Amino acid sequence: MGSETLLGSYLKDRRAKLDPAAFGFSRARRRTPGLRREEVAQRANISATWYTWLEQGRGGAPSADVLDRIARALLLTDVEREHLFLLGLGHPPEARYRKDEGVTPRLQRVLDALEPSPALIRTATWDVIAWNRAVAVMMTDYGALPPEQRNILRFIFLDPRARAVQYDWESVARFVLGAFRIDAARAGASAQVEPLVEELCRLSPEFAAMWRDNDVRSHGEAVKHIRHPVLGPLAFEYSVFAVDGRSDLSMVIYNPLMPADAEKIRSLIEEWEIVSA
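To keep things clear, this report deals only with the structure shown in the data block. Nothing here was measured: the structure is a model prediction, and the numbers come from that model. (Residues numbered from 1 in each chain as written. Predicted model: local features only at pLDDT ≥ 70, side-chain atom pairs only at ≥ 80, totals over all residues. Heavy atoms only, no water.)

Overall, the coordinates contain 21 salt bridges when judged by the stated rule. Between Lys17 and Asp13 there is a salt bridge, and its shortest N-O distance comes to 2.8 Å. Looking at Lys17, the relative accessible area reads 53%, which means it is exposed. Look at Asp13 and you get partly exposed, because its relative accessible area is 30%. Across the pair Asp213 and Arg174 runs a salt bridge, and its minimum N-O distance is 2.9 Å. Of this pair, Asp213 sits in helix H12 (residues 205–213) while Arg174 sits in helix H10 (residues 169–186), and the two are 39 residues apart along the sequence. A residue is classified by how much of its surface remains accessible, and Arg174, at 23% relative accessible area, is partly exposed. Salt bridges linked by common partners bring Asp13, Arg14, Lys17 and Glu80 together as one network. (Salt bridge = Lys/Arg side-chain N within 4 Å of Asp/Glu carboxyl O. Buried < 20%, exposed > 50% of the residue type's maximum accessible area, 1.4 Å probe, protein only. Helix = DSSP H or I, 4+ residues; strand = E, 2+ residues; numbered from the N terminus.)

Next up, the structure:
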């Protein structure tokens, strides 16, 4: 079965799953469930003939703009939209950044279950939108900061505590900035990071110099060494994972290398809970 046939079958299937009444169309005199072809074409602002050809597998390769309009007309999810582009063009759509204000309770429970390993979820602009208690005691208590200040780059370049815990702050800062560039570009968020970059260039000469170097880095997996002000030297395995297949969200986990370090962090969490109560 060719890609055009697969595309047509997929469009027909998605169209059949939509309720006409939800879009202001009458349910009367319909031989099949879902929207009619001309109704999808109307919503997508394309000709009914062209859309019919696409469903029949004889319309040729549609443009990215046409596929995007059809995706909106059919109310496709991000995953469904990506599948549509893979069928129609042979590659995923260009990244488009979507600002996130938080995570689902399920994802928060995942973070909490990882304790005593510090774990957080960050956006493509490296805003921290969720974290567990281990992050609060080992790095910074993001809950004590205004939402607009919960950014990893701000912490690394503007907070003296970030310098104090690193054995080689400059190396860490360069790695962070290089990985940040990749994340923002991959998620199509280059325009969204401009205000943050301009602010940090103004407030941190070191950031400005490193930003001009245009270095990029891969996340990979690594061992991170820090000197905690209370617990002393600690080592973590550092890993980054995509969240629900989205390019604009990442889960970052710092897994203690030594069981003794994990116990120290657990004890510190318990003390922090008592003080915070």
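On to the side chain of Arg15, then. Here Arg15 lies in helix H1 (residues 3–16). Judged by its relative accessible area of 8%, Arg15 is buried. Apart from residues no more than four positions distant in its own chain, Arg15 is found in contact with Gly34, Leu35, Arg36, Arg37, Val40, Tyr51, Glu55 and Leu74. (Contact = heavy atoms within 4.5 Å.)

Here we come to the packing of helix H2 (residues 37–44) against helix H3 (residues 48–55). The N-to-C vectors of H2 and H3 enclose an angle of 115°; their axes lie 8 Å apart at closest approach. Every pair of crossing elements has a handedness; the one defined by H2 and H3 is right-handed. Where H2 approaches H3, its residues Arg37, Glu38, Val40 and Ala41 are matched on the opposing element by Ala48, Tyr51, Thr52 and Glu55. Among the residues making up the contact of H2 with H3, the classes are represented as four nonpolar, one polar and three charged. (Axes fitted to C-alpha atoms, helices over the stretch in contact; angles between N-to-C directions. Left-handed = near helix turned anticlockwise from the far one by under 90°. Nonpolar A, V, L, I, M, F, W, Y, C, P; charged D, E, K, R; others polar.)

Taken as a whole, the largest pocket encloses approximately 730 Å³ of empty space. As for the largest pocket, its lining consists of 37 residues, and the residues nearest its centre are Gln166, Val172, Lys224, Ile226 and Tyr254. Residue assignment for the lining of the largest pocket shows that the elements contributing at least two residues are strand S1 (119–123), helix H7 (133–138), helix H8 (152–158), helix H9 (160–165), H10, strand S3 (222–228), strand S4 (232–243) and strand S5 (246–256). Here the element with the most residues in the lining of the largest pocket is S3; it accounts for seven residues. Among the residues forming the lining of the largest pocket, the class breakdown is 26 nonpolar, five polar and six charged. (1 Å grid on protein atoms, 1.4 Å probe; cavity = no way out; pocket = protein on both sides within 12 Å on 5 of 7 lines; lining within 4 Å. Points joined across faces, edges and corners; volume = space filled by probe spheres on them.)

With an omega of 15°, the peptide bond running from Glu115 to Pro116 counts as cis. Mapped onto the fold, Pro116 is located in the loop between helix H6 (105–113) and S1. Despite not being glycine, Asn45 has its phi angle at roughly 60°, a positive value. A relative accessible area of 61% places Asn45 in the exposed class. Here Leu75, not a glycine, exhibits a phi torsion of approximately 55°, which is positive.

Moving on, we come to the nonpolar core. The biggest cluster of nonpolar side chains holds 40 residues, and the ones touching the most others in it are Met138, Leu153, Ile156 and Phe157. Sequence-distant contacts of Phe157, defined by excluding residues within four places in its chain, comprise Arg163, Trp169, Ala173, Leu177, Ser204, Glu206, Phe207 and Met210. Grouped together as the second largest cluster of nonpolar side chains are 22 residues, Leu35, Val40, Ala71 and Leu74 included. (Core = buried A, V, L, I, M, F, W, Y, C linked by side-chain atoms within 4.5 Å.)

Note on aromatic pairs: each is described by the distance of the centres and the angle between the planes. In this structure the tally under the stated criterion is nine aromatic pairs. Taken together, a centroid distance of 6.2 Å and an interplanar angle of 55° make the contact between Phe180 and Trp211 tilted. With Phe180 in helix H10 and Trp211 in helix H12, this residue pair connects regions lying 31 residues apart in the sequence. Among the aromatic residues, those joined into a ring-pair cluster are Trp126, Phe157, Trp169, Phe180, Phe207 and Trp211. (Phe/Tyr/Trp six-rings, centres within 6.5 Å; stacked < 30°, edge-to-face > 60°.)

Of the strand pairs in this sheet, S3 and S4 are connected by seven bridges, and their pairing is antiparallel. From the neighbouring strand, Ala222 faces S4, where its bridge partner is Tyr238. If you look at the hairpin formed by S3 and S4, you'll find three residues sitting between the two strands. (Pairing = 2+ DSSP bridges.)

With five of five residues buried, S1 is to be regarded as a mostly interior element. Residues Ala119, Ile121 and Thr123 of S1 are buried on one face, and the alternating residues Leu120 and Arg122, pointing to the opposite face, are buried as well. Taken together, the three bridges between S1 and strand S2 (residues 128–131) define a ladder with antiparallel strand orientation. Counted as the bridge partner of Arg122 is Val128 from S2.

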